[in-house]
Amino acid sequence: MKEKTFKIIETALVTILFIFGLFLVYQILKKIFGGSWEIESIIISLLIFNIGLTFTIAFTLGISLAKLKSDHNHLENQFKSLVSDFKNHSKR
């Protein structure tokens, strides 16, 4: 359930950023050909796009690290079980 929710949030963030990025490209091309937005507005929009991308990447990495940490805990428990089995076997 949690993983599915995180995947939906991640997909929504990436989709919103993609649409915003396409809109920025459109505005930049419009400005090149005598467009509507001021240079300051384009620069601020690019900065917001960059910050959004950074947060999305951080969110994705955070989820990946949490999953890796939980997988690591599972392996740690298996390794402890293997060590105790080996100790019991070597005592005989």
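This write-up is about the structure you can find in this document.

Turning next to the overall build of the protein. Within the protein, the secondary structure is distributed over two helices and zero strands. The proportion of buried residues among the 92 residues of the protein is 10%. Partitioning the intrachain contacts of the protein with sequence separation of at least 6 by distance along the chain shows that 55% fall at a separation of at least 24. Looking at the protein as shown, the accessible area adds up to about 7800 Å², and 72% of this sits on carbon and sulfur atoms.

Further remarks concern helix α1 (residues 2-32). Think of an α-helix as 3.6 residues a turn; residues three or four steps apart then line up on the same face. With 31 residues, α1 should reach 45 Å at 1.5 Å per residue; the first-to-last C-alpha distance of 45 Å fits that figure. Within α1, the full set of buried residues consists of Glu10, Leu17, Gly21, Leu24 and Gln27. Two residues or fewer past α1, Gly34 is found with a positive phi of approximately 90°.

This part takes up the side chain of Ser45. Within the fold, Ser45 resides in helix α2 (residues 39-91). Among the residues examined, Ser45 registers a relative accessible area of 9% and is labelled buried. Looking at Ser45, its side chain comes within polar contact range of the main-chain oxygen of Ser41, at 2.8 Å. The contacts of Ser45, once residues within four sequence positions are left out, are Phe20, Leu24 and Trp37.

All chains considered together, the criterion is met by one aromatic pair. Here Phe20 and Phe49 contribute two aromatic rings whose centre-to-centre distance is 6.2 Å and whose plane-to-plane angle is 45°, an arrangement assigned as tilted. Of this pair, Phe20 sits in helix α1 while Phe49 sits in helix α2, and the two are 29 residues apart along the sequence.

A grouping of Val25, Leu29, Ile32 and Phe33 is seen on the molecular surface, where their side chains present a nonpolar patch of about 450 Å² in accessible area. Note on placement: Leu29 falls in helix α1.

Secondary-structure assignment places Leu13 in helix α1. According to the relative accessible area criterion, Leu13 is partly exposed, its value standing at 33%. With 40 residues separating them in the primary sequence, Leu13 and Leu53 have C-alpha atoms 8.9 Å apart. Apart from residues no more than four positions distant in its own chain, Leu13 is found in contact with Thr56 and Phe59.

Assignment of secondary structure puts Thr56 in helix α2. Filtering out sequence-adjacent residues up to four positions away, Thr56 remains in contact with Leu13, Val14 and Leu17.

Take the environment of Ile63 next. Along the chain, the position of Ile63 falls in helix α2. Residues Ile63 and Lys7, spaced 56 residues apart in sequence, show a C-alpha to C-alpha distance of 9.3 Å.

Rules and cut-offs
- Residues numbered from 1 in each chain as written.
- Predicted model: local features only at pLDDT ≥ 70, side-chain atom pairs only at ≥ 80, totals over all residues.
- Heavy atoms only, no water.
- Helix = DSSP H or I, 4+ residues; strand = E, 2+ residues; numbered from the N terminus.
- Buried < 20%, exposed > 50% of the residue type's maximum accessible area, 1.4 Å probe, protein only.
- Contact = heavy atoms within 4.5 Å.
- Areas by Shrake-Rupley, 256 points an atom, 1.4 Å probe, with all protein chains shown as cover.
- Expected span 1.5 Å × (residues − 1).
- Polar contact = N/O pair within 3.5 Å; in protein donor to acceptor, adjacent residues only side chain to side chain.
- Phe/Tyr/Trp six-rings, centres within 6.5 Å; stacked < 30°, edge-to-face > 60°.
- Patch = residues over 30% accessible without salt bridge, like charges linked within 9 Å, V, L, I, M, F, W, Y side chains within 5 Å.
- Salt bridge = Lys/Arg side-chain N within 4 Å of Asp/Glu carboxyl O.

The values reported here are purely geometric and, on their own, carry no functional implication.
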